[in-house]
Amino acid sequence: MVRDDLYITVPSFFRCPISLDVMKSPVSLCTGVTYDRSSIQRWLDNGNNTCPATMQVLDSKEVVPNRTLQRLIEIWSDSVRNGRVDSTEPRPSVPSLDQVKDLIKDLSSQTENDSSLESLSKILCFARESEENRKSLARMDGFIVTLVEFLGNAGEGTCRNYNHHFLEQVVMVLDSVLTKIEEQEQLRDLFLKKDLDSLASILQVLQQGSTESKIASARILETIANDAESKLIIAGKENLLQELLKLISPENESSVIEAGLSCLIGISMSKRARLKLVQLGAIKSVAKLISGPNPSSIAEKSLKVMETMSSTKEGRSQICDDVACIAAIVQKILKVSSVATEHAVTILWSVCYLFRDQKAQDVVAKSNGLTKILLLMQSNCSPSVRQMSADMLKIFRVNSKSCLSSYDTKTTHIMPF
């Protein structure tokens, strides 16, 4: 949500994804994404046959009025007008705990409609007010179950007819109390129940939701991926890993990239998930982040994801084929943080020592990697980093001796060890 002026906060899903203005006549495409009628009509009249937000090819260019969203915008607009006449309050009032309890009680018996969406919006406002409010929500009997069931009951078979703005609100409310839920295992079990399809709703939000709701979705997935089985279920959900990889595109905001990386780290602890990520082209996606200028937190997490994929034969093979990626990994040693250095050394150890890839060894040598490894050996590094560095130096020492024997010349310059 962003401020239009000193007094108005506009809900993000009220804005047209094309014009970024509050929608006057919201209409939905067959992809489920809603736009202001004038903006999307202009897009279609210009000969485009894709959805601007998802870039999916449209099966039909027919638009359907989004009555629910239009009604919500009207209610919000009326409240803004009244608020400006009667008050200069810079933000809407936060409901009391008793009011929230009533909203939750009513919510559990409602389906997706104007009233339930408005209730969720008020509950989210309450949650964002304070940590104590979030704790209270997380402890309310049946509240988390209701949220997850909203997501689960919007699964396959009904997902296309479910307003994704409603799902966004559910996801953001759940994310707001995520860290306050004491029984994380129960949340995981509830989320992955076989008779529910909560992952389908998460996928829909990742495909069509706002930046804020996509971040919330990634955090939810990271939280529930807390054992081997849940990681496999998430990785096995069709198109879910692809959408997570889209989050780590360099064009996205840092907050989106970081949320995507954190989620991928959790999921990739499963070997089968790692293999699938490699097959989906995750090496190239992460390599772009490692090669570019990013905050240290993104650099660390990018290297961590690459490290997990380097533990597979397929991952090491793809890393070795990307000369620029190996050179970028070398550059991160002793430059970002001790955490980033450890991840970088582990990757290089995998491809140079375990995989014994000559191409990778040559790139490390040409990128001044040996000097960095020697400096690292002299620093206060961890025992594991020291051992991996020593292993790599042995490889390069053997290669150096082999080179001397082959050329038998005193003019060949070999770095001394």
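The structure displayed is predicted, hence computed values, not measured ones.

Peer 1: What should I look at first to understand the overall build of the chain in this one?
Peer 2: Each helix and strand in the chain was counted, giving 22 helices and five strands. Sorting the 417 residues of the chain into buried and exposed places 48% on the buried side. In the chain, once contacts between residues fewer than 6 apart in sequence are set aside, the share between residues at least 24 apart is 65%.

Peer 1: Help me understand the pattern of salt bridges, please; the structure alone is not making it clear to me.
Peer 2: Pairs can form between side chains of opposite charge whenever their charged atoms are close. For the structure shown, the criterion picks out eleven salt bridges. Residue K237 pairs with D197 through a salt bridge whose shortest N-O separation is 3.3 Å. Placement of the pair is K237 in the loop between α11 (228-236) and α12 (240-247) and D197 in the loop between α8 (184-191) and α9 (198-208), with a sequence separation of 40 residues. Each member of the pair, K237 together with D197, is buried. The partner of E258 in a salt bridge is K301, and the shortest N-O contact between them spans 3.2 Å. Of the two residues, E258 sits in helix α13 (residues 254-267) while K301 sits in helix α16 (residues 296-309), which places them 43 residues apart along the sequence. Relative accessible area serves as the criterion here: at 25%, E258 is assigned to the partly exposed category. Taken together, the salt bridges that share partners define one network made up of R188, D189 and D227.

Peer 1: Would you take a moment to explain the nonpolar core for this structure?
Peer 2: What tends to happen in soluble globular proteins is that the nonpolar side chains get buried as a cluster. Counting residues in hydrophobic clusters, the biggest one holds 121 residues, and the most contacted among them are L137, L221 and M306. Not counting chain neighbours up to four residues away, the residues in contact with M306 comprise I283, V286, A287, I290, I319, C325, I329 and I347.

Peer 1: Even after reading the chapter, I still don't get the side chain of S217, so can you show me in this structure?
Peer 2: One can find S217 in helix α10 (residues 211-224). The exposure class of S217 is buried, given its relative accessible area of 0%. If we skip the residues at most four places from it in the chain, S217 touches V171, I202, V205 and L206.

What counts, and at which threshold
Residues numbered from 1 in each chain as written. Predicted model: local features only at pLDDT ≥ 70, side-chain atom pairs only at ≥ 80, totals over all residues. Heavy atoms only, no water. Helix = DSSP H or I, 4+ residues; strand = E, 2+ residues; numbered from the N terminus. Buried < 20%, exposed > 50% of the residue type's maximum accessible area, 1.4 Å probe, protein only. Contact = heavy atoms within 4.5 Å. Salt bridge = Lys/Arg side-chain N within 4 Å of Asp/Glu carboxyl O. Core = buried A, V, L, I, M, F, W, Y, C linked by side-chain atoms within 4.5 Å.

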